[in-house]
Amino acid sequence: MDAAALLKRLDISSGDLSRGDLSCRSPIDGAEIGHLASATPADVKAAIDKAHAAFLAWRKVPAPRRGELVRLFGEELRQAKDDLGMLVTLEAGKIVQEGLGEVQEMIDICDFAVGLSRQLYGLTIASERPGHRMMETWHPIGVCGVISAFNFPVAVWSWNAALAIVCGDPVVWKPSEKTSLTALACSKLFERAAKKFGGVPDGLLTVIFGGVEVGKAMVENPKVPVVSATGSTRMGKAVAEVVARRLGRSILELGGNNAMIVAPSADQELAVRAILFSAVGTAGQRCTTLRRLIVHESLHDGLVDRLKKAYASVRIGDPREQGTLIGPLIDKAAFDGMQSALDKAKSEGGQVFGGERQLENQFPGGYYVRPSLAAMPRQTDTMRHETFAPILYTLKYREFEEAVALNNDVPQGLASSAFTTDVREAEAFVSAIGSDCGIANVNIGPSGAEIGGAFGGEKETGGGRESGSDAWKAYMRRATNTINYSRELPLAQGIKFEI
Ligand code: UN1
C-alpha cells in the first residue's frame, strides 16, 4: 500500500507531514509516517477563542440547517470510506474490516444526527397557575472539547462531533497523539463538507494535536462548557477534577472491565463466536472488549478447551491482509502491560495460555501477540484492573446470583452480557438486581454496540453517555420557561405578597 497516495487522496500533503515535533507511527511495523506540530498553550487558547466566536454565529443557524452540514459530512465519509478506513488500519493497526466498520459508525451517527436536528424536543409542562404555560427549551451551550483515544480514533469523536454540531456547539478536538493523522483526515473531510455547505463560521471544528499539556490547556479553559473525554480512568479523573473545579460539564467514557456469563442453558455455538469477537477482536483494545468470562462450573473446562483451540489457530498478522483477524497492539508499552498482567495472574494462581509475542522477525518494530486465556481460582486484584490487551480471564460459578455478583464486583461498569435461554435469568440480568453496567446484553457479546443506544457506563467508567438515545441533551443547555398569558400575577405555592 502506498501511504503517501492514500494520504493525498485524503487531502493530506507531504507539506502537512513534514513539520513539527509529533512523530506519527504505524503500529504495523513501527515505521514513521510523518510529523505534525503539537499545539502550544497559545494555539489552544486561540483555537478556543475562535470556536467561541463561531458559537455566537452557529447558535443562530436553525438546527435542521445545522443538520444539513452533518448530512454533507456523512456524504464525504461515504465517498472516503475505504481510504479513511485504511488510514485507521495504518495508524491504529485495526484489521481492514474493523477500520471500515469504524467509518460506518461515523456515517451512522451522521444519519442519526441529521434526523435529530429536527427533533431537539422539549416538554410542555402543566402549570399550577391559571393562564400560565410552562415549557422546556433546549439551546446550544457553547464550545465542546473532545478528547479521544487511539483505539477508536475516528468513530468516538464523530459521536460527539455530529451531535455537538447539530446541537449548535463548535468542536475543539484533541485526538490521541498516537492517532493524529486520522484526526487530520477527518478535519479535511469536514472542510470539504463545509465548503459545499457555504458560510460555515471559521473555527466550527478545530483539531489541536499533542499530548497531556494540550489536553490540559483545553480542559482548563472556561470557554469550553462541555468536555467529552474517552480514555483511561486515570485520565478521566484528572479531566473531571479540572472541569468540576470550574463547574463545567464532563461526559466521561473511561475504562471497562466487561464480563460475560455463560449459563448451563446457553447456546454454546453462539457463545463461542461471541466470545471470540469480543475478546480478541481489535486485539483486545476496545473499551468494550470481553475481559472476564464467568462460566457455569458444569461447562467451564469444556468451553475453555474449545477456546484454546480457537485461540491457537486465529490468524495474527498484518492487519492490511485479507484473512487476518488480529493485528498489532498499539505499542511496546501495551505489550509490556500485557506481560506484566499475565505474570501477576500467574502469581495469583492463574493458569495462563497464550500471550506470547508473534512475528518478531517480520516486524521487529510491531508488537503482535497470541491472545491469552487465564483460568483464575477467584476474582483477583489483577482481574479488577483493565489491561488494554487480549487477556480473557475465566472463572467458574454455581448459582446465577453469584455470577451476577462477580460481574458487578469490579470498579468499572461499562458493558456486560449473559448467554442464557432461561427467561428468568435473562430478565434478572437486565433488571434492577442484575448487571450494574451501562450496557447489559443477552445472547450477544459486550462489544460492538450500535450507535442508536446511549453508550457509556457507571462507576469508574465515568457515568457519561454518548451517541444515540437522548445523549444529545448533554451538549445543550436546558431552559425552563414560564409564560403568563393572563392579566393576573398569581404566585406559585399560593403565596400572597401584596401591599
Ligand atoms: C471504545 O472502545 O471506546 O461498542 C468504543 C463498541 C464500539 C465502540 C467502542 N461500537 O465496541
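Refer to the structure presented above.
Below, the structure is looked at part by part. The structure displayed is predicted, hence computed values, not measured ones. Each chain carries its own residue numbering, running from 1 in the direction its sequence is written. In keeping with the model being predicted, local features are shown solely for residues with a pLDDT of at least 70 and side-chain atom pairs are shown and tallied solely at 80 or more, while totals for entire chains, interfaces and linings include all residues.

1. Details of the overall build of the chain
Here is step 1: We count a stretch as a helix when DSSP gives it H or I for four or more residues in a row; a strand needs E for two or more, and each element gets its number in order from the N terminus. Each helix and strand counted, the chain has 14 helices and 23 strands in total.
Here is step 2: Radius of gyration means the value over C-alpha atoms here, while the globule rule gives 2.2 Å times the residue count to the 0.38 power. Relative to the 2.2 N^0.38 estimate, which gives 23 Å for 499 residues, the radius of gyration of the chain is 24 Å and therefore close to what a compact globule would have.
Here is step 3: For the C-alpha atoms alone, the extent of the chain along its principal axes is close to 80 × 60 × 35 Å.
Here is step 4: Using C-beta atoms placed from the backbone, we call a residue buried if 20 or more other C-beta atoms fall within 10 Å of its own, exposed if 12 or fewer do, and partly exposed for counts in between. The 499 residues of the chain split such that 51% are buried.

2. As for the sheet that holds strand 6 (residues 171-174)
Here is step 1: Being paired, for any two strands, means DSSP has found at least two bridges between them. Here 5 strands make up an open sheet; going across it, the order is 7-6-5-8-9 and the pairing parallel. Looking at which strands have only one partner, the edges of the open sheet turn out to be strand 7 (205-207) and strand 9 (249-253). Averaged over all pairs of adjacent strands, the angle between strand axes in this sheet comes to 15°, irrespective of strand direction.
Here is step 2: Inspection of the sheet shows strand 8 (residues 226-230) paired to strand 9 by 5 bridges, in the parallel sense. Paired with Ala 229 across the strands is Leu 252, a residue of strand 9. In this description, a line fitted to the C-alpha atoms serves as the axis of each element, helices being fitted only across the stretch in contact, and the angle between N-to-C directions of two axes falls anywhere from 0 to 180 degrees.

3. Some points on the site of the ligand
Here is step 1: Neighbouring the ligand are Glu 105, Asn 151, Phe 152, Val 156, Thr 230, Arg 286, Cys 287, Thr 288, Ser 447, Gly 448 and Ala 449.
Here is step 2: Of the residues that constitute the shell around the ligand, the class distribution is 4 nonpolar, 5 polar and 2 charged. A residue counts as near a molecule or strand when its C-beta atom, positioned from the backbone, falls within 6 Å of it. Charged residues are taken to be Asp, Glu, Lys and Arg, nonpolar residues to be Ala, Val, Leu, Ile, Met, Phe, Trp, Tyr, Cys and Pro, and polar residues to be all remaining types, Gly included.

4. Here we look at helix 10 (residues 268-280)
Here is step 1: In this analysis, the expected span of each helix is defined as 1.5 Å times one less than the number of residues it contains. In a regular helix each residue adds 1.5 Å, so 13 residues correspond to 18 Å; helix 10 covers 18 Å between its end C-alpha atoms and thus fits that length.
Here is step 2: Those residues of helix 10 that sit buried are Ala 271, Ala 274, Ile 275, Leu 276, Ser 278, Ala 279 and Val 280.
Here is step 3: Placing C-beta atoms from the backbone, we regard two residues as in contact once those atoms come within 7 Å. Those residues of helix 10 hidden inside the fold are in contact with strand 10 (258-262), strand 11 (290-296), helix 11 (300-313), strand 16 (391-397) and strand 18 (415-419).
Here is step 4: Phi turns positive, to about 55°, at Thr 282, one or two residues after helix 10.

5. A short note on the pairing of strand 1 (residues 22-25)
Here is step 1: Alignment of strand 1 against strand 2 (residues 32-36), held across 4 bridges, turns out to be antiparallel. The residue of strand 2 that forms the bridge with Ser 23 is His 35.
Here is step 2: Here strand 1 folds back onto strand 2, and the loop between the two strands holds 6 residues, one of which, Gly 30, carries a positive phi near 80°.

6. Here's the deal with the sheet that holds strand 4 (residues 132-140)
Here is step 1: In space, the 3 strands of this open sheet follow the order 3-4-23, with antiparallel pairing throughout. Each having just a single partner strand, strand 3 (124-125) and strand 23 (476-484) make up the two edges of the open sheet.
Here is step 2: Of the pairings in the sheet, the one linking strand 3 to strand 4 comprises 2 bridges and is antiparallel in character. Residue pairing in the sheet places Thr 124 in a bridge with Met 135 of strand 4.

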